[in-house]
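Coordinate inspection notes
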Amino acid sequence: MEKSIVIEKIREVFPELSTPVNVNEIKNSDSLQDDHGIDSLLIMEFMVLLEEKFEFEFEDDFDVDTLYSIDTIASYIAGKH
């Protein structure tokens, strides 16, 4: 799957979070936690939604830095498809 399509689909997940995040304020390279205050619980929820949307599972030993930004998440997911 092309990375640009993955990024578009990742952006569709943000409004589904229990605490919606304005995706229009997030640049693809922004730190989700440092720049936008997304805490660890919201990151866990985000992971579950991503797994559902892309029909895959994060590996148990995946590098947590994968969840740093939309870019890093998209690279990870694109590598899975």
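Here we summarise the structure given alongside this text. (Residues numbered from 1 in each chain as written. Predicted model: local features only at pLDDT ≥ 70, side-chain atom pairs only at ≥ 80, totals over all residues. Heavy atoms only, no water.)

Glancing now at the overall build of the protein. Secondary structure summary: the protein contains 3 helices and 0 strands in total. For the protein, whose C-alpha radius of gyration is 11 Å, the value lies close to the compact-globule estimate of 12 Å for 81 residues. Taking the principal axes of its C-alpha atoms as reference, the protein extends roughly 30 × 25 × 20 Å. The proportion of buried residues among the 81 residues of the protein is 40%. Partitioning the intrachain contacts of the protein with sequence separation of at least 6 by distance along the chain shows that 58% fall at a separation of at least 24. Side-chain charges in the protein split into 6 positive and 20 negative, and the spacing between the mean points of these groups amounts to 7 Å. (Helix = DSSP H or I, 4+ residues; strand = E, 2+ residues; numbered from the N terminus. Rg over C-alpha atoms; globule rule 2.2 N^0.38 Å. Buried < 20%, exposed > 50% of the residue type's maximum accessible area, 1.4 Å probe, protein only. Contact = heavy atoms within 4.5 Å. Lys, Arg positive; Asp, Glu negative; His and termini not counted. Charge placed at Lys NZ, Arg CZ, Asp CG, Glu CD.)

Let us look at the side chain of Ser69. Note on placement: Ser69 falls in the loop between helix H2 (40–54) and helix H3 (70–80). Judged by relative accessible area, which is 2%, Ser69 ranks as buried. Beyond its immediate stretch of four places on either side in the chain, Ser69 contacts Asn28, Ser29, Asp30 and Leu32.

Of all the positions in H3, only Ile70, Ile73, Ala74, Tyr76, Ile77 and Ala78 are classed as buried. For H3, the elements touching its buried residues are helix H1 (3–13) and H2.

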